[in-house]
Amino acid sequence: MFGKQGRQWKSMCKGLVLGTLLTSCMILLYCLSSPQVQFNMPEVPVPYSCAHRPARARVLPLSNTSQNAQGQAGTCTPKVDIMFMKTHKTASSTFINILFRFGEKHRLKFAFPDSRNDFFYPATFQRSQVKDYRPGMCFNIICNHMRFNGPEVAKLLPADSTYITILRDPAELFESSFHYFGRLAPFTWKIPGEDKLSEFLQDPWHYFDPEGYNSFYLKNLLFFDFGYDNTLEPGDPRVEESIRAIGQRFQLVMLVEYFEESLILLKDTLCWEMDDLLFFKLNARKGSTISKLTPELRSRALEWNGVDWKMYQHFNVTFWKKVEAYGRERMDRDVRELRRRNEEMAAICIEGGEPVEAESIQETAMQPWQPIGEKSILGYNLKKNIDKKYRKLCRKMLTPELQYLTELGVNLWITKLWGRVRDIINW
Ligand SMILES: Nc1ncnc2c1ncn2[C@@H]1O[C@H](COP(=O)(O)OS(=O)(=O)O)[C@@H](OP(=O)(O)O)[C@H]1O
């Protein structure tokens, strides 16, 4: 009897050790993998757009004329060379879906990462991370998560590419990032209690370790994404300088809180059409997992993310100047129209008209990627019997980022392997 139990314990221990080893290997492979070899790339400039078919000039209705993207009065040519700096937890998956569809429509060439869905984040971006990259190659759009590195990006895209990005209120962003990435930062494991977010914000320096693994997810994540030091104090002159540099590099800085207004400004900047802006909210969380920030917690979160807050306030001002230049009334009209069109599309495409929890998503192809240890991200079911005219568009609008990347030819073997391991160990 004792011998049998002993053997059972032994094999359980073996399983545990093996499982731990396998998981550690996978985590190491997934998290630490970055291209080890940095080639000394020859610099071959990319002077012109490599659009498959140059986009044709579009005549704008008189009331729509604006100062951006214009050639002759009343006409403009859609811009197809785009750098989208995909910041974290800023509706960037919703936005990237818009870019994927625009890219497919104009048969544009994306600079994609290889083997996973980001450019080896948090490593700083290098051209060598682009799938199949060779010096002199021409791309139209780059839009996957990266740690921004302006000079490297500039060597990849045509000189007159439009740089755009998106920011979010740093308190909301922090709450979202804490939920999604918190478990990836080991220093959070020692935070006691149920409400780890409030506990952390009571005394962040007690828990936060700037040198800790993945610590950047929990302090000034926006500033970090742009390639800067996220542990600077807001009053440090380097912060001001960096914000100025971002303002000079990026023609449009959108705001999550005014997502539709941002898209209308985008349409104006890039000479796009209303049709190009249609979207469904992707990567949203179920309500029960969202921590309500009391005014006190909000102000603590803003203080903790003081550099991001400074940056957000700066670009909030420039954003509303752009709206003013566009015309408030015209903006209100266009936003109403975009909302109307989105609602129309939701009625056409979405079963039940609403996002649903992971367990209720019928097709695997529609399952969004989930944070570790949870199934909190919502997804959609496609309506059955959609009119043929809308079938393709509906599917594309609802397809989560990873599945869409696969469809566009990106090999995500590291991401997928990591997903399999998580499935096996039910994590
Ligand atoms: N259209 C629109 N308007 C407002 N907010 C939106 C929109 N689309 C997505 N979201 C919210 O953005 C959060 C997900 O951001 P990302 O897709 O950038 O996340 S990720 O970094 O790619 O994982 C996630 O925020 P949280 O729900 O707070 O986590 C989404 O709800």
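Residues numbered from 1 in each chain as written. Predicted model: local features only at pLDDT ≥ 70, side-chain atom pairs only at ≥ 80, totals over all residues. Heavy atoms only, no water.

Asker: Got a minute to help me understand the overall build of the chain in this structure?
Answerer: When helices and strands are tallied, the chain shows 15 helices and six strands. In the structure as shown, the chain presents an accessible area of about 21,200 Å², 54% of it carried by carbon and sulfur atoms. (Helix = DSSP H or I, 4+ residues; strand = E, 2+ residues; numbered from the N terminus. Areas by Shrake-Rupley, 256 points an atom, 1.4 Å probe, with all protein chains shown as cover.)

Asker: Looking at this structure, I do not really get the confidence of the model for the chain. What am I missing?
Answerer: Detailed reading of the predicted coordinates is not advisable wherever pLDDT is low. Taken residue by residue, the chain gives an average pLDDT of 89. The fraction at 70 or more is 85%. Counted against residues more than four places away or in other chains, residues 31-37, with its pLDDT under 50, gives 11 contacts. For this predicted complex, the interface score ipTM comes out at 0.99, alongside a pTM of 0.89. (pLDDT = per-residue confidence, 0-100. Contact = heavy atoms within 4.5 Å.)

Asker: Is there a simple way to think about the state of the cysteines in this case?
Answerer: Disulfides are covalent bonds that link the sulfur atoms of two cysteine residues. Inspection of the entire model under this criterion finds two disulfides. Across the disulfide from cysteine 76 sits cysteine 271; the S-S distance is 1.9 Å. Here the S-S torsion is close to 80 degrees, and the disulfide linking cysteine 76 with cysteine 271 is therefore right-handed. One end of the pair, cysteine 76, is in strand 2 (residues 75-76); the other, cysteine 271, is in the loop between helix 9 (259-270) and helix 10 (295-304), and 195 residues separate them in sequence. Of the residues examined, cysteine 76 reaches a relative accessible area of 3% and is grouped as buried. (Disulfide = S-S within 2.5 Å. Buried < 20%, exposed > 50% of the residue type's maximum accessible area, 1.4 Å probe, protein only.)

Asker: How do you make sense of the site of the ligand when you look at a structure like this?
Answerer: Lining the immediate surroundings of the ligand are 20 residues, of which Ser92, Ser93, Thr94, Ser176 and Arg285 lie closest. A distance of 2.5 Å separates an oxygen atom of the ligand from a polar side-chain atom of serine 92. About the coverage of the ligand: the protein hides 90% of its 650 Å² of free accessible area. No other element matches the three residues that helix 2 (residues 92-105) contributes to the shell around the ligand. (Near = heavy atom within 4 Å. Polar contact = N/O pair within 3.5 Å; in protein donor to acceptor, adjacent residues only side chain to side chain.)

Asker: Where do I start with the pairing of strand 6 (residues 252-255) in this structure?
Answerer: Side-chain positions along a regular strand alternate between the two faces of the sheet. Residue alternation in strand 6 divides its side chains into two sets, Leu252 and Met254 and Val253 and Leu255, and both sets are buried. Where strand 5 (residues 162-167) and strand 6 come together, four bridges link them in parallel fashion. In the sheet register, isoleucine 164 faces strand 6, and the bridge partner there is leucine 252. (Pairing = 2+ DSSP bridges.)

Asker: Would you explain the nonpolar core in this entry?
Answerer: Nonpolar side chains in soluble globular proteins generally cluster together in the buried interior. The biggest cluster of nonpolar side chains holds 112 residues, and the ones touching the most others in it are Met83, Phe95, Ile142, Phe200 and Leu266. In contact with phenylalanine 200, not counting residues within four places along its chain, are Phe174, Phe178, Phe187, Ile191, Tyr207, Phe208 and Trp304. (Core = buried A, V, L, I, M, F, W, Y, C linked by side-chain atoms within 4.5 Å.)

Asker: Help me understand the pairing of strand 3 (residues 82-85), please; the structure alone is not making it clear to me.
Answerer: Residues Ile82 and Phe84 point to one face of strand 3 and Met83 and Met85 to the other, with burial holding for every one of them. With two bridges joining them, strand 3 and strand 4 (residues 141-142) adopt parallel strand pairing. Residue pairing for strand 4: isoleucine 82 is matched across the bridge by isoleucine 141. Each parallel crossover has a hand, and for strand 3 linked through helix 2 to strand 4 it is right-handed. Note that strand 3 and strand 5 share four bridges and pair parallel. Looking at the pairing, methionine 83 lines up with tyrosine 163 of strand 5. (Right-handed = clockwise from strand over helix to strand, strands pointing away.)

Asker: Any chance you could explain the sheet that holds strand 5 here in plain terms?
Answerer: Hydrogen bonding along the main chain pairs the strands of a sheet, whether they run parallel or antiparallel. Pairing in this open sheet of four strands is parallel, and the strands run 4-3-5-6 from one edge to the other. The strands lining the two open edges of the sheet, one partner per strand, are strand 4 and strand 6. Against the sheet, helix 11 (residues 306-326) engages strand 5 and strand 6, with an angle of about 105 degrees to strand 6. (Axes fitted to C-alpha atoms, helices over the stretch in contact; angles between N-to-C directions.)

Asker: What's the story with the side chain of asparagine 305 in this structure? I'm lost.
Answerer: Along the chain, the position of asparagine 305 falls in the loop between helix 10 and helix 11. In contact with asparagine 305, not counting residues within four places along its chain, are Pro170, Phe174, Leu218, Lys219 and Asn220.

Asker: Looking at this structure, I do not really get the environment of isoleucine 386. What am I missing?
Answerer: You can see isoleucine 386 is positioned in the loop between helix 12 (328-349) and helix 13 (388-398). Put simply, isoleucine 386 and isoleucine 348 are 38 residues apart on the chain and 6.8 Å apart in space, counted from C-alpha to C-alpha. In contact with isoleucine 386, not counting residues within four places along its chain, are Ile348, Cys349, Arg391 and Cys394.

Asker: Please clarify how helix 4 (residues 170-181) should be interpreted in this entry.
Answerer: In an α-helix, one full turn covers 3.6 residues, which means residues spaced three or four apart are oriented alike. The buried fraction of helix 4 amounts to 11 of the 12 residues, a majority that puts the element mostly inside the structure. Considered for burial, the residues of helix 4 that qualify are Pro170, Ala171, Leu173, Phe174, Glu175, Ser176, Ser177, Phe178, His179, Tyr180 and Phe181. Packing partners of the buried residues in helix 4 comprise helix 5 (196-202), helix 7 (221-225), helix 10 and helix 11. Capping the start of helix 4, aspartate 169 holds a side-chain oxygen 2.9 Å from the backbone nitrogen of alanine 171, two or three residues further along.

Asker: In this structure, what is going on with the environment of leucine 382? I would like to understand it.
Answerer: Mapped onto the fold, leucine 382 is located in the loop between helix 12 and helix 13. Leucine 382 gets classed as buried once you look at its relative accessible area, which sits at 14%. It is 9.1 Å that separates the C-alpha atoms of leucine 382 and glycine 352, two residues lying 30 residues apart in sequence. Setting aside anything within four residues of it in sequence, one finds leucine 382 in contact with Cys349, Glu351, Glu363, Met366, Cys394, Arg395 and Leu398.

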